[in-house]
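Analysis of the macromolecular model
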Amino acid sequence: MKKQRKILTLAALLALGTFSAVFAAEKQEEAPVDPALTNMQGAYVVLEEAVPPMPVKPASLQDAKAVTAYVAAVDKYLQALQKYVDGTTNDLNKIIDERNKAIAAASKVTEDYNAFFETNKKK
């Protein structure tokens, strides 16, 4: 039951992603990012490189061996997707933490700067 719930949850997440992709504009080629505007050292791992090929369903339920292989392939695919989603979530959280540190540092230096000039203002 737990495994079925996990599979259904992942399937729902995938369906939502597919649903939104259907209504999105035709896939456009990604615009190149100005290297000065990114901190990434290399290309981010795209989904297609991180997961195995999508499982192909068997022609019939009558072929037990093929159905068993299909179930195993779907499970492996969903596990790989979950690992990718977890990894990207962790990456995003790290990026957000570092961005927040940068914002806090900018706020601190701005406060110090303003305080310096305020205290040294000629009266």
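Residues numbered from 1 in each chain as written. Predicted model: local features only at pLDDT ≥ 70, side-chain atom pairs only at ≥ 80, totals over all residues. Heavy atoms only, no water.

1. A closer look at the overall build of the protein
Secondary structure assignment for the protein yields 3 helices and 0 strands. Ordered by position from the N terminus, the helices and strands of the protein form the series α-α-α. With 123 residues in all, the protein has 9% of them scored as buried. Sequence-distant contacts in the protein: of pairs separated by 6 or more residues, those separated by 24 or more amount to 66%. (Helix = DSSP H or I, 4+ residues; strand = E, 2+ residues; numbered from the N terminus. Buried < 20%, exposed > 50% of the residue type's maximum accessible area, 1.4 Å probe, protein only. Contact = heavy atoms within 4.5 Å.)

2. Comments concerning the pattern of salt bridges
Considering all chains together, one arrives at 4 salt bridges under this definition. Linking E98 and K94 is a salt bridge whose minimum nitrogen-to-oxygen distance equals 3.2 Å. Remark: K94 and E98 occur in helix 3 (residues 64-119); sequence separation between them is 4 residues, near one turn of the helix. Note that K121 and E118 form a salt bridge whose closest N and O atoms lie 3.6 Å from each other. Through salt bridges with shared partners, a single ionic network connects K94, E98 and K101. (Salt bridge = Lys/Arg side-chain N within 4 Å of Asp/Glu carboxyl O.)

3. Let's talk about helix 3
Between the first and last C-alpha of helix 3 there are 82 Å, a value that for 56 residues agrees with the 82 Å anticipated at 1.5 Å per step. Of the positions making up helix 3, those classed as buried are V67, D75, Y77, L78, A80, L81, Y84 and T88. (Expected span 1.5 Å × (residues − 1).)

4. Structural notes on a nonpolar patch on the surface
A surface patch of nonpolar side chains, about 270 Å² in accessible area, is lined by M40, Y44 and V45. When you line up the elements, M40 lands in the loop between helix 1 (2-23) and helix 2 (47-50). (Patch = residues over 30% accessible without salt bridge, like charges linked within 9 Å, V, L, I, M, F, W, Y side chains within 5 Å. Areas by Shrake-Rupley, 256 points an atom, 1.4 Å probe, with all protein chains shown as cover.)

5. Examining the packing of aromatic side chains
A complete count under the given rule lists 2 aromatic pairs for this structure. Aromatic side chains Y113 and F117 sit 4.9 Å apart centroid to centroid with 65 degrees between the ring planes, which places their arrangement in the edge-to-face category. Residue Y113 and its partner F117 are both found in helix 3; the two are separated by 4 residues, about one turn of the helix. The partly exposed category is assigned to F117, whose relative accessible area is 46%. Aromatic rings pair up to connect Y113, F116 and F117 into one cluster. (Phe/Tyr/Trp six-rings, centres within 6.5 Å; stacked < 30°, edge-to-face > 60°.)

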